[in-house]
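Structural description and commentary
Given next are the chains, with one letter for each unit.
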Amino acid sequence: MRTKFVKSLPLIAMLIAGITITTPSFATDITGAGATFPYPIYAKWAESYNVKTNVKLNYQSIGSGGGIKQITNKTVDFGASDKPLKPEELEKVGLMQFPAVVGGVVPVVNIPGVTDGELRLNGEVLANIFLKKITKWNDAAIKTLNPSLALPDSAITVVHRSDGSGTTFVFANYLSKVSKEWSDKVGADTSIAWPTGVGGKGNEGVASYAQRIKGSIGYVEYAFAKQNNLPTVALQNREGEFVKPNIASFQSAAKFADWEKAPGFYEILTNEPGKETWPITGATFILMHKVQDNPANGTEVLKFFDWGYNNGGLMAKALDYVPMPESVVKLIETSWKSNLKSKDGAAIWTK
Amino acid sequence: MSSYDNKITVSIAGGEPSLPSLITLKEQTTRDSKKMSPSAQNKNVGATLDKLFRNTTMFFAFLVFILLFGIIVVLFVGSLPALKAFGPSFFTSPAWNPVEIQFGGLVPIYGTFITALIAMLIGIPVSFGIAIFITELSPTWLKRPIGVAIELLAGIPSIIYGMWGLFVFAPLFADHVQPWINDNLGNLPLIGQVFQGPPMGIGMLTAGIILAIMVIPFTSSVMRDVFEIVPSMLKESAYGLGATTWEVVWNVVLPYTKTGVVGGIMLGLGRALGETMAVTFVIGNAHELSPSLMMPGNTISSALANEFTEAVGDIYTSSLITLGLTLFVITFIVLALAKILLIRLSLREGKQS
């Protein structure tokens, strides 16, 4: 028995060696963790990128809060968050951030007889509904905006997210910008103290509550409303135009945003200028350490996102995300050069 | 004689002596009759192995203590920041504001108790009925199918109950039951407002009903098992004296199985208090304190399930951990009360007989 084992030793050694040889030593795996909202597009990009370059992305969609924690503790190469960190927060932990893709948040309604895009609302009315100040669909404020619609005399049920979410942050941030009362009483964060309503877990939770409860209004990611055919509303933007949510109106928001004047890319794309702009738009962000302990991995992460910006636009659109406009990509890559360094001070992005 | 003794001691001390060791023992004991020392040696080996075995099992058993203690310590340390910031008012404050970092646990604690109470109010009588029917009244051919069905129900993952509750039960409840409750119970004096609210199909009452459905398989199968151990002679004697089925159940079966029934109820209560996914689906997840059972609320476990992943900031996370600690303590108290109840029941039994 023993002799047999000894005889087979070389064979085993060869096998082990073979395994190590077949693993390509040049491919670095990159790891990221955070926001769930951009997970589908990161996964899609990662799949195509892996075919091209053999670099594997391991992304855990554990939520923005978890992403921030993990990148702060340096357990991943990059973190992802739907809520941008303020410049001073970034400074405190030595992080930099940049936007990856843009998405829209849309109010969805369930009013018998009202179809997609028929109901017109403005920011103030929307805020008052979520503040419980407007409680019936035939309220005078809603009627003035919709003179031709037959609105029922039924109670409004607000549906919101029960879990912390970047979607909530973007939505509440918009309400804070258009309603002083909202900003004083409630404010904006990934979870907030809702004045009224029921909470659904995740976009799918909100969507299913909105579909179940007659007379409800909720908010979901655009992709979710589109895929589930939920009736959305037309919203009045900063220029006074009523716009419908679609890729074009989100892109307009991304284009008109003044990224250059936003230190640390702290820019929330709500209530942006532009005639076609959808007012509740938000970018999702990538967080990286300014000083990279492992510059090779850092460079791989940047290569991945560079590839995504330049080649992933169609994939993003197919999944109802808005790719970053070219001008913004240039700004982002310039900031990589000046902000991301290895320990000895060399820039890790030189392209 | 000495060889016989030897074998006995070993097999007793060894608990489960394996076959080979017994055989070697036999060989040795025959040789032993003249020399004692090898046998003593063998005994020593056996004793050492035995000690090892005992210590290993003891270690495994103590793992439970270590785990329990570890969990308590982690929860307690994790909850310190929130307890420091809010003090005991954490348990009485209904505030839950992540923006202003103001947290209180009253809403989820209240929701946990109320939903569990509803579940028990519905679940106990139904489980009792099921168990009685299976053991006392059902024709023999029906016993098995019902028993299997109950076991299958117990095996369904809770998320399936949640989805069923949200997609099937809630719409039916909203369209057909809640309007009736609103019209008929909503106007009652005093308790009327408990039954008033928009017919949304989700809320504390729905959560309680779903919990009841989830609890029933557990309680009823435990009750069935304990009812079945009642000696048929006792029951038949009672029937012989002319007792009705109800009298037999109430005066013979129940007193005989009290402890088991209480145990089954506690098992159900434990599940109702800690159930997460199914409740999260149908309770509405709102941090709002409302007297109405039709309104959305929150429970400790669903608040944790909803908010833990995205909780940013120490106080927020710590407040959630404090909620976890609270649930831990509540479950502990419930179990302790059950144990005390059982002990008192058995004490009283001793006095009676």
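Keep in mind it's a predicted model, so treat the numbers as computed, not measured.

Rules used throughout
- Residues numbered from 1 in each chain as written.
- Chains lettered and ligands numbered in written order.
- Predicted model: local features only at pLDDT ≥ 70, side-chain atom pairs only at ≥ 80, totals over all residues.
- Heavy atoms only, no water.
- Helix = DSSP H or I, 4+ residues; strand = E, 2+ residues; numbered from the N terminus.
- Buried < 20%, exposed > 50% of the residue type's maximum accessible area, 1.4 Å probe, protein only.
- Contact = heavy atoms within 4.5 Å.
- Areas by Shrake-Rupley, 256 points an atom, 1.4 Å probe, with all protein chains shown as cover.
- Buried area = accessible area lost by both parts, 1.4 Å probe.
- Salt bridge = Lys/Arg side-chain N within 4 Å of Asp/Glu carboxyl O.
- pLDDT = per-residue confidence, 0-100.
- Right-handed = clockwise from strand over helix to strand, strands pointing away.
- Pairing = 2+ DSSP bridges.
- Core = buried A, V, L, I, M, F, W, Y, C linked by side-chain atoms within 4.5 Å.
- Axes fitted to C-alpha atoms, helices over the stretch in contact; angles between N-to-C directions.
- Parallel < 35°, antiparallel > 145°, perpendicular 65-115°, else oblique.
- Left-handed = near helix turned anticlockwise from the far one by under 90°.
- Nonpolar A, V, L, I, M, F, W, Y, C, P; charged D, E, K, R; others polar.

So, about the overall build of chain B. Helix and strand counts for chain B come out as twelve helices and two strands. Overall, chain B shows an N-to-C arrangement of helices and strands of α-α-α-β-β-α-α-α-α-α-α-α-α-α. When each of the 353 residues of chain B is scored for burial, the buried share is 41%. Taking the intrachain contacts of chain B between residues at least 6 apart in sequence as the baseline, contacts between residues at least 24 apart amount to 72%. As displayed, chain B offers around 19300 Å² of accessible surface, 72% of which is attributable to carbon and sulfur atoms.

By convention, interface size is frequently given as the accessible area that disappears when the constituent parts associate. Contacts between chain A and chain B engage 33 residues on the former and 29 residues on the latter. At the boundary of chain A with chain B, total buried surface from both sides reaches about 2200 Å², with 51% on carbon and sulfur atoms. Its largest share of buried area at the contact with chain B, chain A owes to Lys201(A), Tyr209(A) and Arg212(A), together 23% of the area lost on that side. Across the chain A-chain B interface, the total number found is zero salt bridges.

Turning our attention to the confidence of the model for chain B. Parts of the model with low pLDDT should not have their predicted coordinates read in detail. Residue and element names in this part refer to chain B. Across chain B, the average pLDDT comes to 85, with 87% of residues at 70 or higher. Taken as a whole, residues 1–26 scores under 50 in pLDDT and shows 13 contacts with residues more than four places along the chain or in a different chain. Across the interfaces of the predicted complex, the ipTM metric reaches 0.74, alongside a pTM of 0.79.

A few words on the pairing of strand E1 (residues 30–34) of chain A. All names here are of chain A. Across the five residues that make up E1, a large majority, four, are buried. In terms of handedness, the path from E1 via helix H2 (residues 39–53) over to strand E2 (residues 57–60) forms a crossover that is right-handed. Taken together, the three bridges between E1 and strand E3 (residues 78–81) define a ladder with parallel strand orientation. Pairing of Gly 34 across the sheet is with Ala 80, part of E3.

Next up on the list: the nonpolar core. Residues and elements named next belong to chain A. Counting 166 residues, the largest nonpolar core has Phe 98, Leu 119, Phe 130 and Phe 305 as the members making the most contacts within it. If we ignore the near neighbours within four places in the chain, the residues touching Leu 119 are Val 109, Ile 111, Val 114, Trp 137, Ile 142, Asn 146, Leu 149, Leu 151, Val 233 and Ala 234. Residues Ala 33, Ile 68, Val 76 and Leu 95 belong to the second largest nonpolar core, which totals eight residues.

With that out of the way, let us pick up the packing of helix H4 (residues 106–137) of chain B against helix H5 (residues 140–155) of chain B. The angle between the axes and the distance between the axes are what describe a pair of packed helices. Residues and elements named next belong to chain B. Put simply, H4 and H5 touch, their axes get as near as 9 Å, and they point 150° apart. Classified by the angle their axes make, H4 and H5 are roughly antiparallel. As for how H4 packs across H5, the hand of that crossing is left-handed. Where H4 abuts H5, its residues Ile 130, Phe 133, Ile 134 and Thr 135 lie against Leu 142, Lys 143, Ile 146, Gly 147 and Ile 150.

As a further point, take the packing of H5(B) against helix H7 (residues 204–228) of chain B. Residue and element names in this part refer to chain B. Where H5 meets H7, the axes come as close as 9 Å, and the angle between the chain directions of the two elements is 140°. If you check the angle between H5 and H7, you find them oblique. Along this stretch, H5 crosses H7, giving a crossing that reads as left-handed. Facing H5, whose interface residues are Gly 147, Ile 150, Glu 151, Leu 153 and Ala 154, H7 presents Pro 217, Phe 218, Ser 220, Ser 221 and Arg 224. Residue classes in the contact of H5 with H7 are distributed as five nonpolar, three polar and two charged.

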